[in-house]
Amino acid sequence: MLGLVHNKYYPIIGSIAFTLCVPFFFMPSLFESIIQKKSTPSEVMMKYIEIPTMDHSKYALITGSFEVRDNGGIVKGIPGQNLWEEALEDWKLSLAENPVNRQKILIYIHGMWAHRPWIQNAVMTKYYESVFTHENNPYGLVISLTWQSGLSYWENKENALNAGHFFGQIIEQLRLWDHAGIDIIAHSMGNRVLQGIYESLDEKECYPRIFNNLYMHAADLEVNIFQPGEPMDSIAYIADSIWIYIHQNDRTLGMSRSINKNDRLGLNPSPDVTIINDRIRMIDVSLIDDNEGIGPNLSNHRYFYSSATVRRDMMLQMTGACNDDRYSSKKNGYFILQPYLPHKVP
């Protein structure tokens, strides 16, 4: 619909829509403390490292764990008392006790406003059900990098980049571990955090590469960010594979496009500009219609966890299987994800 409106009205439309979305996004948090259920530790370590403030001068890192409820849901626990360096050392020792095929690390970076526990719990629950309990799950440690966001889009955008710079020290530590590899899932403005991490790395052109897979969902980044001279022009040097998930009717990124006055990587990128080498692939999920919940259905933005089809695609990719529902287009490196058909599952 935005495409039918003159460009000069984009900022106005974006600001109004942005404001109207705020109450609905925060409303579920009112019920966070009402329901309390018994929790038990998970076999897969699910942790978080959090920057608890937006004040750059007061940045610090706190750590904690996610636990499995008796009903199978995931709940974010209270922060631990250890320093983050001590927590990392404990996680490192625990990961080393896993079988070799269960020593991979997954890092999740949420988007704007998704630092709230109810969203963290929802994402972790969906991936616990679809990936972490799968017989071929490769991950022994899952870390949610949590950063804060407020009402101002521009302040959130700046804070996301700063948080990424600060989180870079975590990645530098993980690089030194003896593990089976590191994958990252970044969603929406979480990809701006990923940009900050990228910029913070001391050595980008290295082998073996720092990451195995970067999964960039609904990225709220500029479409030309991988081009020469742009902020992430050496992205292919730090990862074996980069998967860019897009939805051409992502209404949240449509608002971002109007606010930023330029196209967004997760909305309408040009394959010729984005797929700069064979390490980068694009997955178009515009045909997917199985988002769970009113918000995800309206926005087409949170499909990475709200769509069973996309979760299955991620599960197959993460566990090393092939997804027959991905179809190659005529554009090299560009795939179209078809709606999930249960009868095709072995």
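The notes below deal with the structure included here. Just so it is clear, the model here is predicted, and its values are computed rather than measured.

## A closer look at the packing of helix α4 (residues 153–174) against helix α6 (residues 251–260)
In a pair of packed helices, the angle between the axes and the distance between the axes together describe the arrangement. With their axes 12 Å apart at the nearest point, α4 and α6 run at an angle of 95° to one another. Judged by the inter-axis angle, α4 sits roughly perpendicular to α6. From α4, Tyr153, Trp154 and Lys157 reach across to α6, where they touch Ser256, Ile259 and Asn260. Considering only residue class, the contact of α4 with α6 consists of three nonpolar, two polar and one charged.

## Some remarks on a negative patch on the surface
A cluster of acidic side chains, namely Glu85, Glu86, Glu89 and Asp90, defines a negative patch on the protein surface. Structurally, the position occupied by glutamate 89 is in helix α2 (residues 84–96).

## A closer look at the packing of helix α3 (residues 117–132) against helix α10 (residues 308–318)
Remark: α3 packs on α10, axes separated minimally by 9 Å, with the N-to-C direction vectors making an angle of 45°. The angle between α3 and α10 falls in the class oblique. Crossing geometry of α3 relative to α10 is assigned as right-handed. Mapping the contact onto sequence places Lys126, Tyr127, Ser130 and Val131 in α3 and Arg311, Met314, Met315 and Met318 in α10. Partitioning the contact of α3 with α10 into residue classes produces five nonpolar, one polar and two charged.

## Side note on the environment of histidine 301
Along the chain, histidine 301 falls in the loop between α8 (294–299) and α9 (303–306). For histidine 301, a relative accessible area of 6% translates into the label buried. Through-space distance from the C-alpha of histidine 301 to that of alanine 219 is 9.7 Å; in sequence the pair is 82 residues apart. Other than its neighbours up to four places away in sequence, histidine 301 contacts His187, Ser188, Ala218, Asp250, Thr252, Leu253 and Pro296.

## What about the environment of isoleucine 197?
By the element assignment, isoleucine 197 lies in helix α5 (residues 190–200). With 25 residues separating them in the primary sequence, isoleucine 197 and glutamate 172 have C-alpha atoms 9.7 Å apart. Setting aside chain neighbours within four positions, we find isoleucine 197 in contact with Ile109, Leu145, Gly164, His165, Phe167, Gly168 and Ile171.

## Here we look at the pairing of strand β8 (residues 211–217)
Summarising burial for β8: seven of the seven residues are buried, a large majority. As defined by bridge partners, strand β7 (residues 182–187) adjoins β8 across five bridges and the pair is classed as parallel. Note that in β8 the partner of alanine 186 across the bridge is methionine 216. Note: β8 against strand β9 (residues 239–246), six bridges, orientation parallel. Paired with phenylalanine 211 across the two strands is alanine 239, which belongs to β9.

## Some remarks on the nonpolar core
Taken as a class, soluble globular proteins show a tendency for nonpolar side chains to be buried jointly. The biggest cluster of nonpolar side chains holds 58 residues, and the ones touching the most others in it are Ile109, Phe167 and Leu174. The biggest single contributor to this core is α4, with seven residues. Beyond its immediate sequence surroundings of up to four residues, phenylalanine 167 is in contact with Ile49, Ile51, Leu61, Leu145, Thr146, Trp147, Val193 and Ile197.

## Brief notes about the pattern of salt bridges
Should the charged atoms of two oppositely charged side chains come close, the side chains can pair. Under the criterion given, the structure shown has 12 salt bridges. The salt bridge partner of lysine 104 is aspartate 183, with a shortest N-O separation of 3.2 Å. Taken together, the residues lysine 104 in strand β5 (residues 104–109) and aspartate 183 in strand β7 connect sequence positions 79 residues apart. Residues lysine 104 and aspartate 183 agree in their burial class; the two are buried.

## What to know about α6
The buried fraction of α6 amounts to eight of the 10 residues, a majority that puts the element mostly inside the structure. At the N-terminal boundary of α6, the capping side chain belongs to aspartate 250, with an oxygen 3.1 Å from the backbone nitrogen of threonine 252. Residue lysine 261 follows α6 closely and has a positive phi angle near 60°.

## With respect to α2
Note: α-helices contain 3.6 residues per turn, so residues at a spacing of three or four share the same orientation. With 13 residues, α2 extends 18 Å between its outermost C-alpha atoms, agreeing within 8% with the 18 Å of an ideal straight helix rising 1.5 Å per residue. Among all positions in α2, only Trp84, Ala87, Leu88, Trp91 and Leu95 are buried. Viewed along the axis of α2, the buried residues span an arc of 100°, placing them on a single side of the element. Residues of α2 that are buried make contact with β2 (45–50), β3 (62–69), β5, β6 (139–146) and α4.

## A short note on the pairing of β5
With six of six residues buried, β5 lies mostly within the body of the structure. Taking every second residue as pointing to the same face, both faces of β5 are buried, with Lys104, Leu106 and Tyr108 on one and Ile105, Ile107 and Ile109 on the other. Pairing of β5 with β6 involves six bridges; the strand directions are parallel. Bridge assignment links isoleucine 107 to a residue of β6, and that residue is isoleucine 143. This β-α-β element, β5 to α3 to β6, shows right-handed connectivity. As defined by bridge partners, β5 adjoins β7 across five bridges and the pair is classed as parallel.

Calculation rules
Residues numbered from 1 in each chain as written. Predicted model: local features only at pLDDT ≥ 70, side-chain atom pairs only at ≥ 80, totals over all residues. Heavy atoms only, no water. Axes fitted to C-alpha atoms, helices over the stretch in contact; angles between N-to-C directions. Helix = DSSP H or I, 4+ residues; strand = E, 2+ residues; numbered from the N terminus. Parallel < 35°, antiparallel > 145°, perpendicular 65-115°, else oblique. Contact = heavy atoms within 4.5 Å. Nonpolar A, V, L, I, M, F, W, Y, C, P; charged D, E, K, R; others polar. Patch = residues over 30% accessible without salt bridge, like charges linked within 9 Å, V, L, I, M, F, W, Y side chains within 5 Å. Areas by Shrake-Rupley, 256 points an atom, 1.4 Å probe, with all protein chains shown as cover. Salt bridge = Lys/Arg side-chain N within 4 Å of Asp/Glu carboxyl O. Lys, Arg positive; Asp, Glu negative; His and termini not counted. Charge placed at Lys NZ, Arg CZ, Asp CG, Glu CD. Left-handed = near helix turned anticlockwise from the far one by under 90°. Buried < 20%, exposed > 50% of the residue type's maximum accessible area, 1.4 Å probe, protein only. Pairing = 2+ DSSP bridges. Core = buried A, V, L, I, M, F, W, Y, C linked by side-chain atoms within 4.5 Å. Polar contact = N/O pair within 3.5 Å; in protein donor to acceptor, adjacent residues only side chain to side chain. Expected span 1.5 Å × (residues − 1). Arc of directions from axis to C-beta. Right-handed = clockwise from strand over helix to strand, strands pointing away.

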